[in-house]
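Breakdown of the fold
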Amino acid sequence: TKADCEKAMAVFNQAGKKLAANGITFFYHLHGYEFVPNEGGTGTLFDLLLAQTNPKFVKLQLDTFHVAQPGQDPAQLLRKYPGRFVSLHLKDLRKDKVPDHTGEARDEDGRPLGQGKIDWPAVLKAARQAGVKWYIVEDETPTVWQAIPQSLQYLKQVKF
């Protein structure tokens with residue numbers, strides 16, 4: 001809710017400032033429920049979160065799966081907020097998944113990179129341009145031991 005978002009923003013700003021004073025970077029990991037409409041405002045609660053948190057102290061980890069699940073475009077988000085995302089969870093989503101804002105993910109909705117709905121060349125290009133420093137291949141599918149090598153092979157050949 002907007003009230004939850006407002007509480008989180010206050011905590012994020014305060015924690016981020018204190019952590020930065022001690023050489024630690026505060027990150028927030030997206031989970032999809034941030035993309036509901038901003039009640040009484042414009043955009044989404046995610047847009048509100050980014051507008052009201054200090055970019056110096058609050059960084060984000062973009063989870064491509066949890067951005068795509070509610071119907072958002074990870075590449076577009078990276079372009080809209082350059083410099084805010086420091087790390088990226090690379091995780092694909094099945095092509096026929098109906099968007100939802102629950103933030104809940106079923107393991108069977110995941111796919112090896114390049115076999116789902118995410119446009120990886122666009123995401124990787126936007127991430128590089130946005131200053132992303134760390135890329136983490138994440139796989140929670142039931143076939144993780146087969147999927148990770150497939151994802152890594154895909155990353156070796158993808159052009160962006």
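For the structure itself, look to the data block above.
Definitions and cut-offs
- Residues numbered from 1 in each chain as written.
- Predicted model: local features only at pLDDT ≥ 70, side-chain atom pairs only at ≥ 80, totals over all residues.
- Heavy atoms only, no water.
- Helix = DSSP H or I, 4+ residues; strand = E, 2+ residues; numbered from the N terminus.
- Buried < 20%, exposed > 50% of the residue type's maximum accessible area, 1.4 Å probe, protein only.
- Lys, Arg positive; Asp, Glu negative; His and termini not counted.
- Salt bridge = Lys/Arg side-chain N within 4 Å of Asp/Glu carboxyl O.
- Polar contact = N/O pair within 3.5 Å; in protein donor to acceptor, adjacent residues only side chain to side chain.
- Contact = heavy atoms within 4.5 Å.
- Expected span 1.5 Å × (residues − 1).
- Arc of directions from axis to C-beta.
- Phe/Tyr/Trp six-rings, centres within 6.5 Å; stacked < 30°, edge-to-face > 60°.
- Lys NZ or Arg CZ within 6 Å of the ring centre and 35° of its normal.
- Pairing = 2+ DSSP bridges.
- Axes fitted to C-alpha atoms, helices over the stretch in contact; angles between N-to-C directions.
- Right-handed = clockwise from strand over helix to strand, strands pointing away.

Quick look at the side chain of Asp 139
Position of Asp 139 relative to the elements: it lies in the loop between β6 (134–137) and α6 (144–157). One buried charged residue, Asp 139, remains without a salt bridge, the closest side chain of opposite sign being Lys 91 at 8.2 Å. A polar atom in the side chain of Asp 139 sits 2.5 Å from the side chain of Thr 141. Not counting chain neighbours up to four residues away, the residues in contact with Asp 139 comprise Val 144, Ala 147 and Ile 148.

A word on α6
With 14 residues, α6 extends 20 Å from end C-alpha to end C-alpha; this agrees with the ideal 20 Å at 1.5 Å per step. Looking only at α6, the buried set comprises Ala 147, Ser 151 and Tyr 154. One side of α6 carries all its buried residues, which in axial view fall inside an arc of 60 degrees. Facing away from the buried side of α6, by more than 90 degrees, are the exposed residues Trp 145 and Lys 156. At its buried positions, α6 is contacted by α5 (120–130) and β6.

Thoughts on the environment of Ile 118
With respect to the helices, strands and loops of the structure, Ile 118 is situated in the loop between β5 (110–111) and α5. By relative accessible area, which is 8% here, Ile 118 ends up buried. The sequence separation of Ile 118 and Arg 94 amounts to 24 residues, and the corresponding C-alpha distance is 8.8 Å. Dropping the residues within four chain positions of it, Ile 118 is found in contact with Thr 64, Phe 65, Ala 68, Lys 91, Asp 92, Leu 93 and Val 123.

Some thoughts on the packing of aromatic side chains
Tallied over the full model, the rule gives six aromatic pairs. Ring centres 5.0 Å apart and planes at 50 degrees place the aromatic pair Phe 12 and Phe 26 in the tilted group. Of this pair, Phe 12 sits in helix α1 (residues 2–20) while Phe 26 sits in strand β1 (residues 26–29), placing them 14 residues apart in sequence. What links up through ring pairs into an aromatic cluster is the set Phe 35, Phe 46, Tyr 81 and Phe 85. Residue placement shows Lys 91 over the ring face of Phe 65; its charged tip is 4.7 Å from the ring centre.

So, the sheet that holds β1
Read from one edge of the open sheet, four strands run β1-β2-β3-β6, paired in parallel fashion. Both edges of this open sheet fall to β1 and β6, since each of them pairs with a single strand only. Put simply, the sheet's adjacent strands are angled 25 degrees from each other on average, direction ignored. Pairing between strand β2 (residues 58–63) and strand β3 (residues 85–90): four bridges, direction parallel. Note on β3: the bridge partner recorded for Leu 62 is Leu 88. Along the sheet, α1 makes contact with β1 and β2, crossing β1 at roughly 140 degrees. Along the sheet, α5 makes contact with β3 and β6, crossing β3 at roughly 160 degrees.

Considering the pairing of β2
Burial of β2 is extensive: six of the six residues sit out of reach of the surface. Alternating positions in β2 separate into two faces, Val 58, Leu 60 and Leu 62 on one and Lys 59, Gln 61 and Asp 63 on the other, with burial throughout. Relative to β2, β1 runs parallel, the two being bridged by four bridges. Bridge pairing in β2 links Phe 26 to Val 58. Viewed along the sheet, the connection from β1 through helix α2 (residues 45–52) into β2 turns out right-handed.

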